[in-house]
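# A closer look at the structure
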Amino acid sequence: MERACDLLFGVSIYAEPNKSGIIDLACSAMNELSKIAVAGEPLWQPQKENRYETLNDIEYLRQFGQVDTTLREIMKLIEVEPQHLPSFGSYQTEHPTSNAPPRETLQIEASRDMAYINTSPINIVEFLMDVNQWSGAFYNIVSRTTILGTFSDGEEGTYDGKVHVMNAELHLPTPLVPTRECYFARYCKQLSHENWVVVDVSLEKFFPSPSTNFRRRPSGCLITGMPNGYSKVIWVEHVEADHSQLNNHFQHLVTSGLAFGATRWLASIIRHSEWLETLNATTLFADDGVHIPQAGRTSFLNLAYRMMRSFCADISASTCNPWKQLRGPFPDSTDVRVILKNNMEDAAAAKPRGTTVVFATSLRLEVPPNRLFNFLRRENSRSKWDLLSRELSIREFAYMTKGKNPGNRVSLMRANTSEDKIEIFYLQESCTDSTGSYVIYAPLDGFALSELANGCNPDNVIVLPSGFAILPAEGLQGEDSGTESLLTVAFHIMENSTSRPIPPESIETIHKIITETVTSIKDAVQYHNLLNNWIED
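Before going into details, it helps to say that this report is about the structure given with it. Computed from a predicted model, the values in this text were never measured in an experiment.

## A word on the overall build of the chain
Each helix and strand in the chain was counted, giving 13 helices and 20 strands. By the burial criterion, 57% of the 537 residues in the chain qualify as buried. Long-range contacts, defined here as pairs at least 24 residues apart, represent 65% of the contacts in the chain between residues at least 6 apart.

This is how it looks when you write it as structure tokens:
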């Protein structure tokens, strides 16, 4: 059904007057974004506890909305008696970039943030306009995307004036928050030699969305080249979304605009830029006697990148993931979701043939995100939560850092018995920023480790990534901000049975892994003094 809709949509966008109408809409959105991105107060309101800014709805309506007479009178009253301010979160105006019918369930989310990125403007433009690079750079946000058509109002063969009509689905790293999907136009325009704008805007004016829970008002970024080779990127995220189906744990994170906001998109660009820098660097820290050549280093980094992308794809609530709630004796009414995946024929998928099972749960913990991140990633605390490492000694014998934060790294670990016999190797990637953190790992055998160290193609190595996604429960995470975390725990393991439903013995295994892992982490969180002994802040 989705492919049929996309095909029909792809044909329709080239028909007049749709094509010219989409170009006009994209140009109007670009003009609005160019103004909003550089405006100050009162249009944008700084957040005391966070660095990003939120939009003043009333001022936005005054400057950009086609306000009717009734609403104009209300706005005048508000200026006199601001304490009687009503909510305009779901008020729909005849906006110049959208004439879709009113949908009272949709709420406004609007945020702005700025960052300096260590790359040129054209490099940023390229990965925003190349759908494969875009989904690769934003793997922690973009579940899937398709370009349905492309045309231009500028010079052919350049990004200037290019319009993509796209379908995309966006997610949080948890199966408990619904994804967001819409059709939109992406328009790229070069304003001057070192200044570009890339803007997205939904196309409900011409076609209905695949879902009714999300649409994009003019959103995107202004990119300005700096003398030192960096790019200044101002990102604006302005959307309408349905909050009615949100899980209670994630309610504040989403409604505050942080979950899908400007800061998260910028953080992903920075992470992608740091990964590219690491890929081209030559530094590797290893124990004495451990030698990994440059080719091997690149193989490990690329495998870690694939592992992270796979993990984020596995744990989202994407329509590609048919999650089922697992019934069982889980503690504290833990909501465990499960997916069975079959790979019976595709030997090129770098996944084991047969059936695998992904199972996950999300919970709220009274511990700062940074502390939880360090606890989960450190070698000296792994045996506190990892069932397979309880009786083993874990040592990180090589690692590569990404960026300035020492927690952003790709690690090689080995697990030894008390007799110093190597039981298993792990490849682990940990990364953190103000919007969230990940600790992802996969076991490797000695043969795979040796092949990778010698520079083999990492796409030929089978990995089933498991791990953790950590989101701040109360806003952007920092050194001293936030006392609670939203933790998603996910495992990907082989399943011996192909029967449906999942056989009882498999449910018992899932129950044991989830229950003991969650309980172990909760116990560690409860004893703050003991936890501080494990973590060197």
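## What about a nonpolar patch on the surface?
Judged by side-chain polarity, Met114, Tyr116 and Tyr230 come together as a nonpolar surface patch covering roughly 280 Å² of accessible area. Following the sequence through the fold, Tyr230 ends up in the loop between β9 (219-225) and β10 (231-242). The exposure class of Tyr230 is partly exposed, given its relative accessible area of 31%.

## So, the sheet that holds strand β15 (residues 393-401)
Across the sheet, 10 strands lie side by side as β11-β15-β16-β17-β18-β19-β20-β14-β13-β12; this open sheet has antiparallel pairing. The sheet terminates laterally at β11 (285-286) and β12 (324-325), the two strands that pair on one side only. As defined by bridge partners, β12 adjoins strand β13 (residues 337-343) across two bridges and the pair is classed as antiparallel. Within β13, the residue paired with Gln325 across the bridge is Arg337. Strands in contact with helix α12 (residues 504-526) are β13, β14 (354-365), β19 (466-472) and β20 (485-495); relative to β14, the strand with the most contacts, it is inclined by about 30°.

## Some words on the environment of Phe491
With respect to the helices, strands and loops of the structure, Phe491 is situated in strand β20. For Phe491, a relative accessible area of 8% translates into the label buried. Distance from Phe491 to Phe359, taken between C-alpha atoms, is 5.6 Å for residues 132 residues apart in sequence. Each residue touching Phe491, except ones within four places of it in the same chain, is listed here: Val357, Val358, Phe359, Tyr441, Ser466, Ile513, Ile514 and Thr517.

## Remarks on the packing of aromatic side chains
What the rule picks out here adds up to 15 aromatic pairs. With a centroid separation of 4.9 Å and an interplanar angle of 90°, the aromatic rings of Trp385 and Phe468 are classed as edge-to-face. Of this pair, Trp385 sits in the loop between α10 (369-377) and β15 while Phe468 sits in strand β19, and the two are 83 residues apart along the sequence. On the basis of relative accessibility, which here comes to 0%, the residue Phe468 falls in the buried class. Centroid distance Tyr426 to Tyr441: 5.9 Å. Interplanar angle 85°. Geometry classified as edge-to-face. Here the residue Tyr426 occupies a position in strand β17 (residues 422-433), and Tyr441 occupies one in strand β18 (residues 436-444), the gap between them amounting to 15 residues. The class of Tyr441 is buried, set by a relative accessible area of 6%. An aromatic cluster is built from Phe127, Trp134, Phe138, Trp235 and Trp265, whose rings are joined through pairwise contacts. Here Arg382 stacks its cationic end above the ring of Tyr426, 4.0 Å away from the centre of that ring. Of note, Arg409 hangs over the ring of Tyr399, and the distance from its end group to the ring centre comes to 3.8 Å.

## Topic: the packing of helix α8 (residues 262-280) against helix α9 (residues 294-315)
Contact pair α8 / α9: the axes reach a minimum separation of 9 Å and the direction vectors enclose 160°. By the angle class used here, α8 and α9 are roughly antiparallel. Where α8 abuts α9, its residues Trp275, Thr278 and Leu279 lie against Gln294, Arg297, Thr298, Leu301, Asn302 and Tyr305. Residues belonging to the contact of α8 with α9 are distributed by class as follows: four nonpolar, four polar and one charged.

## Here's the deal with the pattern of salt bridges
Going through the model one piece at a time under the given rule, you end up with 20 salt bridges. Its salt-bridge partner being Lys341, residue Asp314 comes within 2.6 Å of it at the nearest N-O pair. Taken as a pair, Asp314 in helix α9 and Lys341 in strand β13 lie far apart in primary sequence, 27 residues in all. The exposure class assigned to Asp314 is buried, which follows from its relative accessible area of 4%. The partly exposed category is assigned to Lys341, whose relative accessible area is 22%. Where Lys512 meets Glu516, a salt bridge forms, and the shortest distance between an N and an O atom there is 2.7 Å. In this pair, Lys512 and Glu516 are both assigned in helix α12, four residues apart and thus about one turn of the helix distant. Taking the relative accessible area as the measure of exposure, Lys512 reaches 44% and is therefore partly exposed. Taking the relative accessible area as the measure of exposure, Glu516 reaches 27% and is therefore partly exposed. Within the structure, one salt-bridge network assembled from shared partners comprises Arg186, Asp200, Arg216 and Glu237.

## Some details on the environment of Gln251
Along the chain, the position of Gln251 falls in helix α7 (residues 251-255). Sequence separation between Gln251 and Ala473 is 222 residues, and the spatial gap between their C-alpha atoms is 9.2 Å. Setting aside chain neighbours within four positions, we find Gln251 in contact with His243 and Leu246.

Cut-offs used in this document
Residues numbered from 1 in each chain as written. Predicted model: local features only at pLDDT ≥ 70, side-chain atom pairs only at ≥ 80, totals over all residues. Heavy atoms only, no water. Helix = DSSP H or I, 4+ residues; strand = E, 2+ residues; numbered from the N terminus. Buried < 20%, exposed > 50% of the residue type's maximum accessible area, 1.4 Å probe, protein only. Contact = heavy atoms within 4.5 Å. Patch = residues over 30% accessible without salt bridge, like charges linked within 9 Å, V, L, I, M, F, W, Y side chains within 5 Å. Areas by Shrake-Rupley, 256 points an atom, 1.4 Å probe, with all protein chains shown as cover. Salt bridge = Lys/Arg side-chain N within 4 Å of Asp/Glu carboxyl O. Pairing = 2+ DSSP bridges. Axes fitted to C-alpha atoms, helices over the stretch in contact; angles between N-to-C directions. Phe/Tyr/Trp six-rings, centres within 6.5 Å; stacked < 30°, edge-to-face > 60°. Lys NZ or Arg CZ within 6 Å of the ring centre and 35° of its normal. Parallel < 35°, antiparallel > 145°, perpendicular 65-115°, else oblique. Nonpolar A, V, L, I, M, F, W, Y, C, P; charged D, E, K, R; others polar.

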